[in-house]
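Working through the structure, step by step
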Amino acid sequence: ETGVTQTPRHLVMGMTNKKSLKCEQHLGHNAMYWYKQSAKKPLELMFVYSLEERVENNSVPSRFSPECPNSSHLFLHLHTLQPEDSALYLCASSQDVRPQTSTDTQYFGPGTRLTVL
Amino acid sequence: DAKTTQPTSMDCAEGRAANLPCNHSTISGNEYVYWYRQIHSQGPQYIIHGLKNNETNEMASLIITEDRKSSTLILPHATLRDTAVYYCIVRVYNQGGKLIFGQGTELSVKP
């Protein structure tokens, strides 16, 4: 248990559906992240939020829309996805985007396994 | 961040020590070595980190060579639940941003 929860754990959706992934952190952190992990590939950073403000967007298609209503919650809204978007979506948090100590590293949730049909 | 090199896979007998090497020959003086692991289809889990001294916590030990060009993560008594992909990451902690995960080492602990 890392203090970062994600729901749902598994999601199957059609290409015309709209769904949302939810992440919640109970660590009092100020920074939150979305990563994508496709099969047999390294993690890819998608978005970074610091105190509810998006600070990084790594050329992610607009069919992925993040939302950070407060520093404890992060959402990823999905619409008109493609089958190649099927992957494990991971949320992480850290105390700050620019850590002040070496112990301030990122802690990950269990992920949402997304399948797009 | 400096590049790291790890073996693709390793086997370890249950109850024995698992020694996972990482090469980071281009590491700079202010870069730390972090280790994470990822059990199948779960999120990465932080294990340990260090700068130049050896470190130990409840999960593992980290041995960093004197020249800091390589390190070894030691799981002293591996169990079947330690089967996972282990990632060695080198970074300057206060530059923030993403963690760069490579391919890691797939450790299989066998009965």
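In what follows, the structure referred to is the one given above.
Residues numbered from 1 in each chain as written. Chains lettered and ligands numbered in written order. Predicted model: local features only at pLDDT ≥ 70, side-chain atom pairs only at ≥ 80, totals over all residues. Heavy atoms only, no water.

Considerations on the overall build of chain A
- Looking only at helices and strands, chain A features 0 helices and 11 strands.
- Secondary structure elements of chain A occur, N-terminal to C-terminal, as β-β-β-β-β-β-β-β-β-β-β.
- Scaling as 2.2 N^0.38, a compact globule of 117 residues should have a C-alpha radius of gyration of about 13 Å, and chain A matches this with 14 Å.
- For the C-alpha atoms alone, the extent of chain A along its principal axes is close to 45 × 25 × 20 Å.
- Within chain A, contacts between residues at least 6 apart in sequence are counted, and of these 56% link residues at least 24 apart.
- When the 11 positive and 11 negative side-chain charges of chain A are each reduced to one mean point, those points stand 10 Å apart. (Helix = DSSP H or I, 4+ residues; strand = E, 2+ residues; numbered from the N terminus. Rg over C-alpha atoms; globule rule 2.2 N^0.38 Å. Contact = heavy atoms within 4.5 Å. Lys, Arg positive; Asp, Glu negative; His and termini not counted. Charge placed at Lys NZ, Arg CZ, Asp CG, Glu CD.)

Description of the interface of chain B and chain A
- Contacts between the two partners involve 22 residues from chain B and, on the opposite side, 23 residues from chain A.
- For the pairing of chain B and chain A, the buried interface totals around 1800 Å² over both sides, and the portion due to carbon and sulfur atoms is 52%.
- Our enumeration of links across chain B and chain A arrives at 5 residue pairs in polar contact (both at pLDDT 80 or more).
- Counting only elements with at least two residues in the side of chain B that touches chain A, the list comes to β3 (32–38), β4 (45–50) and β8 (84–91) of chain B.
- The greatest single-element share of the side of chain B that touches chain A, amounting to 4 residues, is contributed by β3 of chain B.
- For the side of chain B that touches chain A, the class distribution of residues is 9 nonpolar, 11 polar and 2 charged. (Buried area = accessible area lost by both parts, 1.4 Å probe. Polar contact = N/O pair within 3.5 Å; in protein donor to acceptor, adjacent residues only side chain to side chain. Nonpolar A, V, L, I, M, F, W, Y, C, P; charged D, E, K, R; others polar.)

What about the nonpolar core?
- In this structure, W34, F64, L76 and L78 of chain A are the most contacted members of the largest nonpolar core, which totals 22 residues.
- Elements with a minimum of two residues in this core: β2 (10–13), β3 (18–25), β4 (31–37), β5 (44–50), β7 (64–70), β8 (73–79), β9 (87–94) and β11 (112–116) of chain A.
- Listed in part, the 21 residues of the second largest apolar core include I27, W35, I47 and L62 of chain B. (Core = buried A, V, L, I, M, F, W, Y, C linked by side-chain atoms within 4.5 Å. Buried < 20%, exposed > 50% of the residue type's maximum accessible area, 1.4 Å probe, protein only.)

Concerning the environment of Q25 of chain A
All names here are of chain A.
- Note on placement: Q25 falls in strand β3.
- Placed 29 residues apart in sequence, Q25 and R54 show a C-alpha to C-alpha distance of 17 Å.
- Once you skip the residues sitting within four places of it in the chain, Q25 turns out to touch G3, V4, M32, S71, S72 and S93.
- A polar atom in the side chain of Q25 sits 2.8 Å from the backbone oxygen of S71.

Concerning the pattern of salt bridges
- If you walk through the whole model with that rule in mind, you get 2 salt bridges over all chains.
- Put simply, R63 of chain A and D85 of chain A hold a salt bridge, and the shortest N to O gap is 2.7 Å. With R63 of chain A in the loop between β6 (53–57) and β7 and D85 of chain A in the loop between β8 and β9, this pair connects stretches of sequence that are 22 residues apart.
- Its relative accessible area of 21% is what places R63 of chain A among the partly exposed residues.
- Note that R37 of chain B is salt-bridged to D82 of chain B, the shortest N-O span being 2.8 Å. (Salt bridge = Lys/Arg side-chain N within 4 Å of Asp/Glu carboxyl O.)

What about the packing of aromatic side chains?
Residues and elements named next belong to chain A.
- Tallied over the full model, the rule gives 10 aromatic pairs over all chains.
- With 5.3 Å between their ring centres and 50 degrees between their planes, Y35 and F108 make a pair best called tilted. Pair noted here: Y35 is in strand β4 and F108 is in strand β10 (residues 107–108), with a separation of 73 residues, a long-range link.
- Aromatic pair F64 and Y89: ring centres 5.9 Å apart, planes at 35 degrees, arrangement tilted. With F64 in strand β7 and Y89 in strand β9, this residue pair connects regions lying 25 residues apart in the sequence. (Phe/Tyr/Trp six-rings, centres within 6.5 Å; stacked < 30°, edge-to-face > 60°.)

Notes on the environment of A84 of chain B
Residues and elements named next belong to chain B.
- Inspection of the secondary structure assignment puts A84 in strand β8.
- Judged by its relative accessible area of 6%, A84 is buried.
- Between the C-alpha atoms of A84 and T4, which are 80 residues apart in sequence, the distance is 18 Å.

A word on the sheet that holds strand β9 (residues 105–110) of chain B
Residue and element names in this part refer to chain B.
- Across the sheet, 5 strands lie side by side as β1-β9-β8-β3-β4; this open sheet has mixed pairing. On the outer flanks of this sheet lie β1 (9–13) and β4, each paired with one strand and no other. For this sheet, the mean angle separating the axes of adjacent strands, direction not counted, is 25 degrees.
- Strand direction decides the pairing type here: β3 and β8, joined by 7 bridges, are antiparallel. From the neighbouring strand, R37 faces β8, where its bridge partner is Y86. (Pairing = 2+ DSSP bridges. Axes fitted to C-alpha atoms, helices over the stretch in contact; angles between N-to-C directions.)

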